[in-house]
Amino acid sequence: MQFRHPEILYFLFLLIVPILVHLFQFRRFKKEYFTNVRFLKALSVQTRKSSKIKKWLLLSARMLLLACIIFAFAQPYFRAKDDKNTANELYIVLDNSFSMQVKGKKGELLKRAVQELLEDTPENRSFSLLTNSENYWNTDIKSIRNTLQNIKYSASPFQLDYAIAKIKSHKSAFNKDIVIITDAIGIDSKKIKKSDKKDLINFIIPRAEQKNNVAIDSVFIHETLDNFYEITVDLSAYGSSIKPVPIAIYNQSNLVGKTIVDFDTKKKSINFTIPKKAFHGYVSITDNGLPYDNVLYFSISEIKKANVISIGETEKSNFLSRIYTNDEFNFINSTISSLDYNAIEKQDAVVLNELDEIPQALQSTLKSFVQKGGNLIIIPSAKNVLTNMNTFLMNFGKVQFKSFNKAEKLITKINFNHPLFTSVFENRIKNFQYPKTNASFALSSSGPAALSNDDQSAFLTSISNSISSVYVFAAPINTENSNFQQSPLIVPVFYKMALNNRKNGINNLTIGNSNPFLVDVLLSKDAVLSVKNATEQFIPIQQILNNKVKLVFNNYPEQAGNFEIFNQNEKLENISFNYSRTESDLAETSEKMLVGYKTIDSIASFFDTLQTNRMDNQIWKWFVIFALLFLSIETAIIRFMK
């Protein structure tokens, strides 16, 4: 037992006062008995004995009363079990990602967690609250009540290591109590082991009733017909015994198609046919799992012709005119002597078709062209001056031509994971009619090869930045050196190279992704593009690139949906945003990875444990009670005892 004011114990010397009073009352007197009272002698002896017992009882009661009062003012207590952490700061990390939408026994996991915080957090307790998107430092439950009641689900996935890092960066002289409320989906425990051992981490893991869920993964154009698009919708089923779900596609608010999906496999693809025109709508399903991944918004822009210029001899460019047809491209060919340099900045793609040497002025123009979002396709000439070509290529990255070898090679490998072949092949073919080259350059590149030779050397490689790409062939593809022009591969390869970053296909972006978006518009320096729909409006990060504007959205918009891009009051483009599907699999909980960390049932039990282990056991109140008890005993002795 310890005392908060031990100096008051010196007042115990006052216990000598009732003792002195008691001794004073016990003084002996010489008594003379007269004859007429002599008969009372026996009664007097008995009364004197009774009075003596009463005085001893009064002395004891008064001493105990005074001692209890002194002990009460000294405030005795027993030290708490966990007294070293009584000054810890409290941090609550609340996972408000979309996986917390799933329902538990008492409703949605996030809403139930918020309700427990509001009900069980002491009003006088200071803490800091961190969610996926917001931080509230040094607050209390009264100040943050309205914020918690109106909390929204965040498009940002739950990143525990990021939350811990923010807490550690919040410098303080005290240790930290960290309470993490999460369903444990996507947690990597290895990333939180770097936390200070003095910081006490507690997990509250709400339980979901069922973990079945169906999600729309993606939408893409499977085939383009004369008057129609064939749209493919990819869906994923998570869990077991998935029931059939209805799926529908809408153009704005107009129903275009509807069917039922029966999940005999975990992955399912459904096709819809829609008119070949601008589309601004969404695909939706209805299931009993998470709501956030039941809708996928997408847009299809009106087909705009791409501008492509080939620089080289006309007879060597005839095959390009058969690929870049008038219905989709504005294609021209120009020799190096008749080239209009000012026309380059208006192109979407430039093909350098077997130029023996690239003039310095053209090198500078093409460098600027690529930096501003243009695509460059380089087909080397057998007579290339390597120093001239390699100096030019250094403007774009680590790709260099080596020696020219007159050896036949077969083009045998397609890199199906290369962005150039996205949505090109239905199946990954291995056996096809291999094109060949009679002579080629050795090509070194830090970028991935899209096509490779039978000796594993690169035939076609690329260097990409956020808005454009440079494609480099390892060999001339004229009919004298190669039969690549007769290969079926040539059409998708050159078609996709010219349309890289063009929006002739499905247009939908993921919130939180920093990939840029190009808008074809000529703006003045002071003009600003805005993005809006009926409920939200924002101005993205933007950069003017000749006749284009590069937009970067980062974490905007806050809500998924269909939006429009405006230049003041002029509508320029439709654009759609969706949430990332990273939390659709409710079975991917990382709870087993939290072995070694303390898991508690609820926020109420957390505060109860704190109070039990960290609050001193105050016993001065008991001494007050005993003082009142002895006061009552003293009064009773005086009144009722003779």
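The preceding data block contains the structure.
All figures in this text were calculated on a predicted structure; none of them were measured in a lab.

Definitions and limits used
- Residues numbered from 1 in each chain as written.
- Predicted model: local features only at pLDDT ≥ 70, side-chain atom pairs only at ≥ 80, totals over all residues.
- Heavy atoms only, no water.
- Helix = DSSP H or I, 4+ residues; strand = E, 2+ residues; numbered from the N terminus.
- Buried < 20%, exposed > 50% of the residue type's maximum accessible area, 1.4 Å probe, protein only.
- Contact = heavy atoms within 4.5 Å.
- Patch = residues over 30% accessible without salt bridge, like charges linked within 9 Å, V, L, I, M, F, W, Y side chains within 5 Å.
- Areas by Shrake-Rupley, 256 points an atom, 1.4 Å probe, with all protein chains shown as cover.
- Salt bridge = Lys/Arg side-chain N within 4 Å of Asp/Glu carboxyl O.
- Pairing = 2+ DSSP bridges.
- Axes fitted to C-alpha atoms, helices over the stretch in contact; angles between N-to-C directions.

**Comments concerning the environment of Ser584**
As for its placement among the helices and strands, Ser584 is situated in the loop between strand 36 (570-578) and strand 37 (598-600). Overall, the relative accessible area of 1% leaves Ser584 in the buried class. Residues Ser584 and Asn212 lie 372 residues apart in sequence; the distance between their C-alpha atoms is 9.5 Å. The contact partners of Ser584, leaving out residues within four places of it in the chain, are Asn213, Ala215, Tyr238, Leu290, Tyr292 and Asp293.

**Description of a nonpolar patch on the surface**
A contiguous nonpolar patch, built from Phe11, Leu14, Ile16, Val17, Ile19, Leu20, Val21 and Leu23 and spanning about 700 Å² of accessible area, is present on the exposed surface. One can find Val21 in helix 1 (residues 16-25). When its relative accessible area of 41% is taken as the criterion, Val21 is described as partly exposed.

**A short note on the sheet that holds strand 33 (residues 541-545)**
Spatially, the three strands line up as an open sheet ordered 30-34-33, and their pairing is antiparallel. Strands with a single pairing partner mark the edges of an open sheet, and in this sheet they are strand 30 (517-520) and strand 33. Strand after strand, the sheet turns through a mean of 25° between neighbouring axes, direction not considered. Direction of pairing for strand 33 relative to strand 34 (residues 548-552): antiparallel, over a ladder of five bridges. For Gln542, the partnering residue across the bridge sits in strand 34 and is Leu551.

**Concerning the pairing of strand 22 (residues 409-414)**
As judged from the two bridges shared by strand 22 and strand 23 (residues 436-437), these two strands associate in the antiparallel manner. The partner of Lys409 across the bridge, within strand 23, is Thr437. The pairing of strand 22 with strand 25 (residues 449-453) spans three bridges and is antiparallel. Bridging from a neighbouring strand, Ile411 pairs with Asn453 of strand 25.

**A closer look at unusual backbone geometry**
Residue Pro557 follows Tyr556 across a cis peptide bond; omega there is -5°. The topology assignment puts Pro557 in the loop between strand 34 and strand 35 (561-567). Backbone geometry at Gln252 places phi at a positive 60°, although glycine is not the residue there. When you line up the elements, Gln252 lands in the loop between strand 12 (245-251) and strand 13 (254-261). Of note, Asn554 is a non-glycine position whose phi angle comes to about 50°, a positive value. Mapped onto the secondary structure, Asn554 falls in the loop between strand 34 and strand 35.

**What to know about the pattern of salt bridges**
All told, the structure shown has nine salt bridges when counted by the stated rule. A salt bridge links Asp348 to Lys548; the nearest nitrogen and oxygen atoms lie 3.5 Å apart. With Asp348 in the loop between strand 18 (329-334) and strand 19 (349-353) and Lys548 in strand 34, this pair connects stretches of sequence that are 200 residues apart. Like Lys548, Asp348 is buried.

Taken by themselves, the reported measurements are silent on function.
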